[in-house]
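Single-letter residue listing:
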Amino acid sequence: MPAQASSSFSAARAPRVAIVGATGAVGEEFLRVLDQRSFPMTSLKLLASARSAGKTLSFGDQTLTVEALGEHSFDDVDLALFSAGGSISREYAPLAVKAGAVVVDNSSAFRMTDGVPLVVPEVNPQAVTEAGIGLRKELKAGIIANPNCSTIIMLLAVNPLHRFAGVERIVVSTYQAASGAGAAAMRELEQQTREALSAPGGTGTVETQDVFGMQYAFNLFSHNSPVEMGGYNQEELKMVHESHKIWNQDADQGAAVSPERIRTGITATCVRVPVMRAHAESINLTFRDECSELKASELLRAAPGVTLQDDRAANAFPTPLQASHQDDVFVGRVRRDLSQPEGRGLDLFVCGDQIRKGAALNAVQIAELLLERRGAER
Ligand code: A2P
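Residues numbered from 1 in each chain as written. Predicted model: local features only at pLDDT ≥ 70, side-chain atom pairs only at ≥ 80, totals over all residues. Heavy atoms only, no water.

(A) Spotlight on the overall build of the protein chain. In terms of helices and strands, the protein chain carries 9 helices and 14 strands. Considering only residue pairs separated by 6 or more positions, the protein chain has 71% of its internal contacts joining residues 24 or more positions apart. In the structure as shown, the protein chain presents an accessible area of about 15800 Å², 50% of it carried by carbon and sulfur atoms. (Helix = DSSP H or I, 4+ residues; strand = E, 2+ residues; numbered from the N terminus. Contact = heavy atoms within 4.5 Å. Areas by Shrake-Rupley, 256 points an atom, 1.4 Å probe, with all protein chains shown as cover.)

(B) Examining the sheet that holds strand 7 (residues 142-145) more closely. The strand order 3-4-2-1-5-6-7 describes an open sheet built from 7 strands, whose pairing is mixed. In the strand order of this sheet, the two ends are held by strand 3 (56-59) and strand 7, each with one partner. Taking the axes of each pair of neighbouring strands and ignoring which way they run, one obtains an average angle of 25° across the sheet. Note that strand 6 (residues 102-105) and strand 7 share 4 bridges and pair parallel. In the strand pairing of strand 7, Val-102 is matched with Gly-142. Contacts from helix 1 (residues 25-36) reach strand 1 (16-20), strand 2 (43-48), strand 3 and strand 5 (79-82) within the one sheet, and its direction differs from that of strand 3 by about 30°. (Pairing = 2+ DSSP bridges. Axes fitted to C-alpha atoms, helices over the stretch in contact; angles between N-to-C directions.)

(C) Summary view of the site of the ligand. Near the ligand you find 15 residues, and of these Thr-23, Ala-25, Ser-49, Arg-51 and Ser-52 are the closest. The contact in question runs from an oxygen atom of the ligand to an N or O atom on the backbone of Gly-21, over 3.1 Å. Within the side chain of Ser-52, a nitrogen or oxygen atom sits 2.5 Å from an oxygen atom of the ligand. For the ligand, whose accessible area on its own is 570 Å², the fraction buried by protein is 70%. Its residues assigned to classes, the shell around the ligand comprises 7 nonpolar, 7 polar and 1 charged. (Near = heavy atom within 4 Å. Polar contact = N/O pair within 3.5 Å; in protein donor to acceptor, adjacent residues only side chain to side chain. Nonpolar A, V, L, I, M, F, W, Y, C, P; charged D, E, K, R; others polar.)

(D) Region of interest: the nonpolar core. With 57 residues, the main nonpolar core has Phe-74, Phe-82, Ile-170, Ile-283, Leu-285, Val-331 and Leu-348 as its most contacted residues. Considering every element that reaches this core, the biggest residue donor is helix 4 (residues 149-165), with 9 residues. With 47 residues, the next largest nonpolar core counts Phe-59, Leu-79, Tyr-216 and Ala-360 among its residues. (Core = buried A, V, L, I, M, F, W, Y, C linked by side-chain atoms within 4.5 Å. Buried < 20%, exposed > 50% of the residue type's maximum accessible area, 1.4 Å probe, protein only.)

(E) Region of the structure containing the pairing of strand 1. For strand 1, a buried count of 5 out of 5 residues is recorded, marking the element as mostly surrounded by other parts of the structure. Here strand 1 shows two buried faces, one formed by Arg-16, Ala-18 and Val-20 and the other by Val-17 and Ile-19. In this structure, strand 1 lies alongside strand 2, joined through 5 bridges in parallel fashion. Bridge pairing in strand 2 places Arg-16 opposite Ser-43. Note that the unit made of strand 1, helix 1 and strand 2 has a crossover that is right-handed. Bridge count for strand 1 against strand 5 is 4 bridges, and the pairing is parallel. Each bridged residue has a counterpart across the sheet, and for Val-17 the counterpart in strand 5 is Leu-79. (Right-handed = clockwise from strand over helix to strand, strands pointing away.)

(F) Looking closely at the sheet that holds strand 13 (residues 329-336). Spatial strand order, 9-10-8-11-14-13-12: 7 strands in an open sheet with mixed pairing. Across the chains shown, the open sheet's two edge strands, defined by having one partner strand only, are strand 9 (221-222) and strand 12 (306-308). Two elements, strand 13 and strand 14 (residues 345-353), share 5 bridges in a ladder whose sense is antiparallel. Looking at strand 14, one finds that Arg-336 is bridged to Leu-346. Of the strands in this sheet, strand 8 (167-176), strand 11 (278-287), strand 12, strand 13 and strand 14 are in contact with helix 4, which crosses strand 11 at around 30°. Its contacts with the sheet place helix 6 (residues 234-246) against strand 8, strand 10 (265-272) and strand 11, and it is angled at close to 145° to strand 10.

(G) Geometry of the environment of Gly-24. Note on placement: Gly-24 falls in the loop between strand 1 and helix 1. Separated by 249 residues in the primary sequence, Gly-24 and Val-273 place their C-alpha atoms 21 Å from one another.

(H) Summary view of helix 1. Taking 1.5 Å of rise per residue, 12 residues should cover 16 Å, and helix 1 covers 17 Å from first to last C-alpha, within 8% of that figure. Looking one or two residues beyond helix 1, the residue adopting positive phi is Ser-38, at roughly 45°. (Expected span 1.5 Å × (residues − 1).)

(I) Structural view of the pattern of salt bridges. For the structure on display, the rule yields 16 salt bridges. One salt bridge in this structure joins Arg-37 and Glu-368, with 2.8 Å as the shortest N-O distance. In this pair, Arg-37 is assigned in the loop between helix 1 and strand 2 and Glu-368 in helix 9 (residues 356-377), connecting sequence segments 331 residues apart. Note that Arg-111 and Glu-242 form a salt bridge whose closest N and O atoms lie 3.0 Å from each other. Linking Arg-111 in the loop between strand 6 and helix 3 (126-131) with Glu-242 in helix 6, this pair joins segments that are 131 residues apart in sequence. Each member of the pair Arg-111 and Glu-242 is classed as buried. (Salt bridge = Lys/Arg side-chain N within 4 Å of Asp/Glu carboxyl O.)

Given below as structure tokens:
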């Protein structure tokens, strides 16, 4: 854990904000989300690698210049939103905290670190308060981790049902977009699509294979994260371990601390599909208590951050394209799992924008929690 300084924030003004990785896919979305939500700021600093220094980006009607990230970048920053990969977070987030900033980190670097809250605002906002991290002198500077995009999207849909009936088991299969691998992967999917379509006979093989080392256009493949002992890849394991932490079902704490007294069994299969920026997930649930199809639809309709899109007559259900650029996670195909006793099993199909709710929006919502706490504690 990084050394804990107290927050550099002064309640007399709005926070001074920095975005680390401002030129990336998530970084650029941070700019849009902060602007669209009129996030209160005294200043906004854009940081990226030295390659991007001097480049300009639009923020509302302003043009801001990107600066090279350095060890003194956080001397005049209260809140730093990081999305430049795990190694940059590991090196610079502790420096930002030492300088008195609160870091909301989109990488996986600190997600499972003790004392670092892992937060989905609709699911466990209390984790921020419990950690004592905040934008006030008397609170700690520190790191708050943004969960993995697939975890966020799954929990938005499953959490309302879990709170009602206790989910004992989740079997999830993902259909993940290019954006999760960054801006370069999105550009490569476009490029490969062009190359494949112009190949003799159409949809043929492609030359450009820099990001994944294989053809992505007109193909799909097991998620590109490293495969661990036991055969699960890291993305799949993140969905398991992060969900347990967010639901307070960590192994070392045991099931007794969970309000539902359940440690949900979770098994995931993560797959990359040639879609630009929204993930889809097929989710099978087993409940401890009864949860009918009707009740689940009612709960999902009322759930914050969720839109129920479940029109059987029209065969109209969530799609990644429709979910793109949307704040909400879309849920449909809500149906009884006929292989389980009545009321004990449901299937869902879920789509959510990976860059937005899966990353930038969730992080900005965490930052908004910090501001609300400041208001509430005055
Ligand atoms: P840059 O554009 O200068 O390389 P994505 O996940 O979409 O690929 O974006 C990664 C982000 O992380 C970009 O903004 C990128 O900046 C930034 N980044 C990569 N390497 C560094 C580095 N060494 N220092 C600071 N930012 C970095």
